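Listed here are the chains, written in short residue letters.
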Amino acid sequence: KVGEVFVSIEFKNVDYVYAPGTPFQTQGLIDISFKIEKGSFVAIAGHTGSGKSTLMQHFDGLLLPSKGEITVAGEQINANTSSKSLKAIRKKVGLVFQFPENQLFEETVLKDVMFGPLNFGFSEQKAKEQAVEWIKKVGLSEDMMDKSPFELSGGQMRRVAIAGVMAYEPEILCLDEPAAGLDPEGQKQMFEIFKEYQRAGHTVILISHNMDDISEYADDMLVLDHGHLIKHASPQEIFSDQEWVKKHYLDEPATSRLTRELQKGGFQFSEMPLTIESLVSKVANELKKKGDMDE
């Protein structure tokens, strides 16, 4: 059943216009159509101002399309969708914004993380259990639970905001530059959590300028340019075309740069390795083959 079972999000000819009918009118999205498979890890890329955040805000109805139709987890969104029907959608879609610390407002960390589950009908007891579990999962200690989130460091506040969205375990998790401001170890830890969340059967959607994160974790990719969707393909396919990547001002992941250098040195790759693990394994296989031939 295309509508629900296999498709998490579908856009059909979606336009979005900012400030329509005023001198400030601008076209944010132009005739966007795509399908995202349920349980996939999707990256949204494009230069600043390409429409990435505008697109993501349509996933839970924060913005309604000016034209076209959106299906999210079986629920319909169009220009006339009422705020009442958006609550069902927002229970299924969790958004972590680019500055998630702006999402914090409660007096303690525990209360802040409990807010989402309580808002979506969890009992007090269940909301607390979920909150405690996710506070620990995002790497915060239990002794932080009674602190004000505003006493914490920027990185810790980011973790609280992420826990607050993940605590009600939405079907679709949307992340806008979620690891910005975290140290490399913290970034890796958060991405492993998001990947694990996908493995548990959820759809994860990531906006990122970091092509290394995209090549490492995503299995599907949307590229935007001035409000247009210009490419929808696997990261493998996109990063294999070096000219196209350059032309559209995307960085190349470190793994594909290293792969090209190795190719110059005589290594052969049947397909572009996108993770360090797959690159190491392919190089090891090539060396083994060469060793066998030399014997």
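Let us look at the structure shown here.

Parameters and conventions
- Residues numbered from 1 in each chain as written.
- Predicted model: local features only at pLDDT ≥ 70, side-chain atom pairs only at ≥ 80, totals over all residues.
- Heavy atoms only, no water.
- Helix = DSSP H or I, 4+ residues; strand = E, 2+ residues; numbered from the N terminus.
- Rg over C-alpha atoms; globule rule 2.2 N^0.38 Å.
- Buried < 20%, exposed > 50% of the residue type's maximum accessible area, 1.4 Å probe, protein only.
- Contact = heavy atoms within 4.5 Å.
- Areas by Shrake-Rupley, 256 points an atom, 1.4 Å probe, with all protein chains shown as cover.
- Lys, Arg positive; Asp, Glu negative; His and termini not counted.
- Charge placed at Lys NZ, Arg CZ, Asp CG, Glu CD.
- Salt bridge = Lys/Arg side-chain N within 4 Å of Asp/Glu carboxyl O.
- Pairing = 2+ DSSP bridges.
- Axes fitted to C-alpha atoms, helices over the stretch in contact; angles between N-to-C directions.
- Expected span 1.5 Å × (residues − 1).
- Polar contact = N/O pair within 3.5 Å; in protein donor to acceptor, adjacent residues only side chain to side chain.
- Core = buried A, V, L, I, M, F, W, Y, C linked by side-chain atoms within 4.5 Å.

What about the overall build of the protein?
Phase 1 of the analysis: Across its full length, the protein carries twelve helices and ten strands.
Phase 2 of the analysis: Radius of gyration (C-alpha) of the protein: 21 Å, near the 19 Å computed for a compact globule of 295 residues.
Phase 3 of the analysis: Its C-alpha atoms give the protein principal-axis dimensions of roughly 70 × 50 × 40 Å.
Phase 4 of the analysis: Within the protein, buried positions represent 49% of all 295 residues.
Phase 5 of the analysis: For the protein, contacts bridging at least 24 residues in sequence account for 62% of all contacts bridging at least 6.
Phase 6 of the analysis: For the protein, the accessible area works out to roughly 14500 Å², and carbon and sulfur atoms hold 51% of it.
Phase 7 of the analysis: Computed over 32 positive and 45 negative side-chain charges, the separation of the two mean positions in the protein equals 3 Å.

Here we look at the pattern of salt bridges
Phase 1 of the analysis: Taken as a whole and assessed by the stated rule, the structure comprises eight salt bridges.
Phase 2 of the analysis: With a shortest N-O distance of 3.5 Å, E142 and K136 are connected by a salt bridge.

Concerning the pairing of strand β6 (residues 93-96)
The side chains of a regular strand alternate between the sheet's two faces.
Phase 1 of the analysis: In β6, alternate side chains face the same way, and those of V93 and L95 on one face and G94 and V96 on the other are all buried.
Phase 2 of the analysis: Sheet analysis places β6 next to strand β7 (residues 172-176), joined by four bridges and oriented parallel. Directly across from G94, in β7, lies its bridge partner L173.

Description of the sheet that holds β6
Phase 1 of the analysis: The strand order β6-β7-β8-β3-β9-β10 describes an open sheet built from six strands, whose pairing is mixed. Each end of this open sheet is capped by a strand with a single partner; those strands are β6 and β10 (228-233). With direction set aside, neighbouring strand axes in the sheet form an average angle of 15 degrees.
Phase 2 of the analysis: Bridging between strand β9 (residues 220-225) and β10 involves five bridges; their strand directions are antiparallel. Bridge pairing in β10 places D225 opposite H228.
Phase 3 of the analysis: Across the sheet, helix α3 (residues 83-92) touches β6 and β7, and the angle it forms with β6 is around 70 degrees.
Phase 4 of the analysis: Relative to β6, helix α6 (residues 154-166) is tilted by about 175 degrees, and along the sheet it contacts β6 and β7.

Observations concerning the environment of G68
Phase 1 of the analysis: Its location among the elements puts G68 in strand β4 (residues 67-72).
Phase 2 of the analysis: Judged by relative accessible area, which is 30%, G68 ranks as partly exposed.
Phase 3 of the analysis: When the C-alpha atoms of G68 and N13 are compared, they prove to be 4.9 Å apart, with 55 residues separating the residues in sequence.
Phase 4 of the analysis: Beyond its immediate stretch of four places on either side in the chain, G68 contacts K12, N13, V14 and N78.

Let's talk about the sheet that holds β4
Phase 1 of the analysis: Across the sheet, which stays open at both edges, the four strands sit in the order β2-β1-β4-β5 with antiparallel pairing between neighbours. Every other strand in the sheet has two partners, leaving β2 (26-37) and β5 (75-77) as the edge strands with one partner each. The sheet shows a mean angle of 20 degrees between the axes of neighbouring strands, direction not considered.
Phase 2 of the analysis: In the packing of α3 onto the sheet, contacts are made with β4 and β5, and the angle to β5 comes to roughly 115 degrees.

A look at helix α5 (residues 124-137)
Phase 1 of the analysis: Taking 1.5 Å of rise per residue, the 14 residues of α5 would be expected to cover 20 Å, and the 20 Å separating its terminal C-alpha atoms lies within 8% of that figure.
Phase 2 of the analysis: Within α5, burial applies to A127, Q130, A131, V132, W134 and I135.
Phase 3 of the analysis: Those residues of α5 that are buried are in contact with α4 (109-119), α6 and α7 (184-199).

Some thoughts on the side chain of D15
Phase 1 of the analysis: If you trace the backbone, D15 turns up in strand β1 (residues 7-18).
Phase 2 of the analysis: For D15, a relative accessible area of 14% corresponds to the buried category.
Phase 3 of the analysis: At 2.6 Å, the side chain of D15 and the backbone nitrogen of D31 are in polar contact.
Phase 4 of the analysis: Setting aside residues up to four positions removed in sequence, D15 forms contacts with Q27, L29, I30, D31, P65, S66 and K67.

Brief notes about the nonpolar core
Phase 1 of the analysis: F194, I214 and M221 are the most contacted members of the largest nonpolar core, which totals 54 residues.
Phase 2 of the analysis: Here I214 is in contact with A43, A45, L206, S208, M221, P235 and F239, once residues within four sequence places are set aside.
Phase 3 of the analysis: Membership of the second largest hydrophobic core comes to 28 residues, among which are I44, L63, A73 and L224.

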